[in-house]
Amino acid sequence: MPKHYLYLLLAVVTETMATSSLQASQQFTRFWPSALVVLGYALSFYFMAQTLKVMPVGIVYAIWSGLGIVLISGIGWVVFGQRIDLPGALGLGMIIAGIIVIHLFSKTAAH
């Protein structure tokens, strides 16, 4: 795996951790989940900045935000008991399809 994709994956994972912790922080009233929010977003932006050395910002942000949306939806469903209806699942599927199209066919994405 090229290093810039590893950085992008780490950016997505740390952003997902931060957003999940945001829900668990209960509006920043719990210390440790709140600390994870700050740390997670700081790490996510650091790793995304490393990815931007090689890939264009539009492609990086599309992949980062798209994968983040899908992962957060899954975590919300599994951990927080939040439901995903059929239109929501179809929309998430389209996001995944868009990321695959960018990765496989875009000449602007660094491979």
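Look up: the structure comes first, before these words.
Note that this is a predicted model, so its numbers are computed, not measured.

Participant: Hey, could you go over the nonpolar core for me, with residue numbers and the actual values?
Facilitator: Counting residues in hydrophobic clusters, the biggest one holds 13 residues, and the most contacted among them are Leu8, Met55, Ile63 and Trp64. Going through the elements one at a time, α1 (3–24), α2 (31–51), α3 (57–78) and α4 (86–105) are the ones with two or more residues in this core. Those residues within four positions of Leu8 in sequence are excluded, and the remaining contacts are Thr51, Val60, Ile63 and Trp64.

Participant: An account of the packing of α1 against α2 is needed here, citing residue identities and associated values.
Facilitator: Two elements in contact, α1 and α2, have axes whose closest approach is 7 Å; the angle formed by their N-to-C orientations is 160 degrees. Regarding the angle of α1 to α2, the classification is roughly antiparallel. Considering only the axes of α1 and α2, their crossing is left-handed. Grouping the amino acids of the contact of α1 with α2 by side-chain chemistry returns 15 nonpolar, 8 polar and 1 charged.

Conventions adopted
Residues numbered from 1 in each chain as written. Predicted model: local features only at pLDDT ≥ 70, side-chain atom pairs only at ≥ 80, totals over all residues. Heavy atoms only, no water. Core = buried A, V, L, I, M, F, W, Y, C linked by side-chain atoms within 4.5 Å. Buried < 20%, exposed > 50% of the residue type's maximum accessible area, 1.4 Å probe, protein only. Helix = DSSP H or I, 4+ residues; strand = E, 2+ residues; numbered from the N terminus. Contact = heavy atoms within 4.5 Å. Axes fitted to C-alpha atoms, helices over the stretch in contact; angles between N-to-C directions. Parallel < 35°, antiparallel > 145°, perpendicular 65-115°, else oblique. Left-handed = near helix turned anticlockwise from the far one by under 90°. Nonpolar A, V, L, I, M, F, W, Y, C, P; charged D, E, K, R; others polar.

That's the geometry; what it means functionally is another story.
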